Amino acid sequence: MCFRSDLRQTTSVQKSRVAWIAGEALMDLIPVLDGKRVPMVGGGPANTAKAVARLGYPTFFLGGISTDGYGRSIDMELRESGVDLSLVYRGNEPTALAIATIDENGLAKYEFELDGTASFAFNNSWLPQGEPDVIHVGSVATMLEPGATELLKWISTKSTPVLFDPNVRPSIQSDKDIYRSAVERWIDVASVVKLSEDDISWLYGDENVLHSWLARGVSLIIVTRGDKGLTAISNGFSIDIPAESISVVDSVGAGDTIGAVIVEGVLKYGLSGLSGENLIKVLERAVRAAAITCSRAGANPPWKAELDKP
């Protein structure tokens, strides 16, 4: 096992408004027309890191990347998108796998091979010191032990805004009580929460819980609703933004792309400035970005030039 970090580099780029994206990088095995599965770089946080970097911001991924062949593919793809990997953990453990099934509507469901992988080797010994401008954390890394507790302890020491995306995977943990407990402990460190209506429905049955999260200090909640768009909820207001009409190839990475645009909004406007017209602009940009991602195979979020086109 080995890891490397360059905190001097982190310090030097923070003036340019830096994002840290914490969580798993793994390999999606995506079915194609002939029934074979094609490996594609995945993991919600890795997808988000790619998407933020493609939007032109200094983006550091904080997670484990294996030294195996899949890990080398992850390394190459993240670098090609502009993600800085100087803060990752490097381990000889295998890469975690997400085996996807795509339904007739292009929606993805997953089975996972996670145990003993480098992807979830979170530990305070390698997690960095310092403060970026925003931290995005989420997905399986926030509930899979023992790494999830290590990650939570580390992030609890930070004063920067935190965007939390639970990205619920019942195939990994089917006990709703256990999963709810895992999600709930992240609410107290989160500034923004982004999750799908399916996440809420499976965990809680209805959306009443969101108001309790706001009362506990969450500033903004983004609920993604598939082809119905998304909803932003805060104290005193709720905004619905419709989805763009497109021909869907698959939904892989769409929610992660939305999260990336929310991160961009925090970097651009600050957490306190993410309201009113600014918030509407960010949400409209998020659904446009998600539409681009859904229009092509795998987690392939748009580059800034694509998204900025009129």
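Residues numbered from 1 in each chain as written. Predicted model: local features only at pLDDT ≥ 70, side-chain atom pairs only at ≥ 80, totals over all residues. Heavy atoms only, no water.

Notes on the pairing of strand β10 (residues 134–138)
For β10, the buried fraction is high: 5 of the 5 residues fall into the buried class. Burial of the side chains of β10 extends over both faces: Val134, His136 and Gly138 are buried on one face and Ile135 and Val137 on the other. For strand β2 (residues 19–22) and β10, the ladder comprises 4 bridges, and the chain directions are parallel. Residue pairing for β10: Ala22 is matched across the bridge by Val137. Here β10 runs beside strand β11 (residues 162–165); their pairing, made up of 4 bridges, is parallel. The partner of His136 across the bridge, within β11, is Leu163. (Buried < 20%, exposed > 50% of the residue type's maximum accessible area, 1.4 Å probe, protein only. Helix = DSSP H or I, 4+ residues; strand = E, 2+ residues; numbered from the N terminus. Pairing = 2+ DSSP bridges.)

Quick notes on the environment of Gly205
Mapping Gly205 onto the fold places it in the loop between α6 (197–204) and α7 (209–215). With relative accessibility at 55%, the residue Gly205 sits in the exposed group. Gly205 sits 157 residues away from Thr48 along the chain, and the two C-alpha atoms are 27 Å apart.

Quick word on unusual backbone geometry
Of note, the amide linkage connecting Glu145 to Pro146 takes the cis form, showing an omega dihedral of 5 degrees. By the element assignment, Pro146 lies in the loop between β10 and α4 (147–155). One non-glycine residue, Ser139, adopts positive backbone phi at about 65 degrees. Turning to its location among the elements, Ser139 is positioned in the loop between β10 and α4. Judged by its relative accessible area of 3%, Ser139 falls in the buried class.

No statement about biological role is implied by the geometric values presented.
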